[in-house]
Amino acid sequence: MVKAVFALLMVVSFMQAYELNAQMKDFMDSLLTEAKKQNPNLKAFDYARGEKIFTAEQMGKKGNKISCVTCHTADLAKKGLNENTNKVIEPLSPSANPKRFSDAKEVKKWLRRNFKDVYNREGSAQEQGDVVTYIINKK
Amino acid sequence: MKKLVIASLLIAGSLLAESGSSFENRKGVAPATDSLYLKECGSCHFAYQPGLLPSRSWVKTMEKLNDHFGTDASLEPEENKKILKYLVDNSAEKFTNYKRSKKINDSIGKNETPAAITKTGYFIKEHKGIKPKLIEQKEVKSLSNCMACHTKADKGSYSEREINIPNYGKWEDE
């Protein structure tokens, strides 16, 4: 019984979404509104779609194969490395680095830049929301 | 009246002394101090001191941040403007009392607008003769990575005795 409760608690804690602050919630809400305009069937942002966006290799802006993992690594609680400049990138996961995903202006800036670098185009509202959902909730 | 003259002479003298001391000959380049610059530019790469390039180079750089050495480094117009002002206000030709700023500035032709510090004559001359494998190794990767070898580059100091090349050591001119 204790084991079952423990297992259940584990599952619940795993399922629990990362709690964003007010400005970030507003940002995600506005992304969702925008995404629903483009795709009326959309219900919510999706972790699995976000994971694919984050990990899939693309032909990037520089014309070589790249994914978000190239610089941020697959373990978002770890430090990454900017492959062009060798500069260390602080962990992306807000559970490892609470500064992350706390400032909507910063988040917008990096989504704009990094979609361009990896996908060589802007991310749609749905893509942006999906990838953020993945990053903030990945354990 | 006499007192007044003396007093004003003293003030003028101290003002001169002050401006003189801030423009005396110095080593290296003036350190980068602007917090917005350090945050926005320094988050992806070494925060190159503004005195490493002339203002016309900084203008060109900040005009095309959406394609900044192959990556998107775009900023909101407001931030771009503030950073550009900082770079231009502190560019190489304005701080020729700093040895490196002067040497870099003197090595650039009047009609030249180098797109990178690594493209200036002085930089090229100073980095000649370094074996490619020392530059290409993963600890360094490129000549743009100042801090990999210049241990006090972040202080604006590029003195030869402070060089420590990974897997090689101290640099001595042959």
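Higher on the page you've got the structure.
Residues numbered from 1 in each chain as written. Chains lettered and ligands numbered in written order. Predicted model: local features only at pLDDT ≥ 70, side-chain atom pairs only at ≥ 80, totals over all residues. Heavy atoms only, no water.

## A word on helix α2 (residues 22-38) of chain A
So the rule is basically this: Strands here are runs of E lasting at least two residues and helices are runs of H or I lasting at least four, both read from the DSSP assignment and numbered beginning at the N terminus. Helix span, expected: 1.5 Å multiplied by one less than the number of residues in the helix. Only heavy atoms matter for contacts: two residues are in contact if any of them lie within 4.5 Å across the pair.
In this model, α2 of chain A (17 residues) spans 25 Å end to end at C-alpha, consistent with the 24 Å of a helix rising 1.5 Å per residue. Buried residues belonging to α2 of chain A abut α5 (104-119) and α6 (125-137) of chain A.

## A short note on the interface of chain B and chain A
Operational definition: Reported buried area values correspond to the accessible surface (1.4 Å probe) lost by two parts on association, with both partners' losses combined. Put simply, a salt bridge is a Lys or Arg side-chain nitrogen that is within 4 Å of an Asp or Glu carboxyl oxygen. A 3.5 Å cut-off defines polar contacts: any pair of N or O atoms within that distance qualifies, except that in protein one atom must be a possible hydrogen donor and the other a possible acceptor, and neighbouring residues in sequence count only when both atoms are side-chain atoms. Polar here means any residue outside two lists: the nonpolar Ala, Val, Leu, Ile, Met, Phe, Trp, Tyr, Cys and Pro, and the charged Asp, Glu, Lys and Arg; Gly therefore counts as polar.
With 23 residues of chain B at the contact, the number on the chain A side is 16 residues. Between chain B and chain A, roughly 1600 Å² of surface is buried when both sides are summed, and carbon and sulfur atoms account for 38% of that area. Of all residues in chain B, the largest losses of buried area upon contact with chain A belong to Cys44, Asp72 and Lys141 of chain B, amounting jointly to 32% of the total for that side. At the junction of chain B with chain A, the criterion picks out five salt bridges. Between lysine 109 of chain A and glutamate 40 of chain B there is a salt bridge, and its shortest N-O distance comes to 2.4 Å. Applying the counting rule to chain B against chain A returns 13 residue pairs in polar contact (both at pLDDT 80 or more). Looking at the side of chain B that touches chain A residue by residue, the classes come out as six nonpolar, eight polar and nine charged.

## Some remarks on the side chain of asparagine 97 of chain A
Residue and element names in this part refer to chain A. Topologically, asparagine 97 is positioned in the loop between β4 (88-89) and α5. Here the side chain of asparagine 97 touches proline 91 through a polar contact of 2.8 Å, landing on its backbone oxygen. Other than its neighbours up to four places away in sequence, asparagine 97 contacts Glu90 and Pro91.

## Comments concerning the packing of aromatic side chains
Residues and elements named next belong to chain A. Operational definition: Here a Phe, Tyr or Trp ring, Trp counted by its six-membered ring, pairs with any other such ring whose centre lies within 6.5 Å, and the pair is stacked when the planes are under 30 degrees apart, edge-to-face when over 60, and tilted otherwise. When a residue's accessible area, from a 1.4 Å probe over protein chains only, is under 20% of the maximum for its type it is buried; when over 50% it is exposed; and in between it is partly exposed.
Under the criterion given, the structure shown has seven aromatic pairs over all chains. Between tyrosine 47 and tyrosine 134, the ring centres sit 5.2 Å apart and the planes meet at 65°, which makes this aromatic pair edge-to-face. With tyrosine 47 in helix α3 (residues 47-55) and tyrosine 134 in helix α6, the pair connects residues that are 87 residues apart, well separated along the chain. Looking at tyrosine 47, the relative accessible area reads 30%, which means it is partly exposed. For tyrosine 134, a relative accessible area of 2% translates into the label buried. Members of the aromatic cluster, each reached through a chain of ring pairs, are Tyr47, Phe54 and Tyr134.

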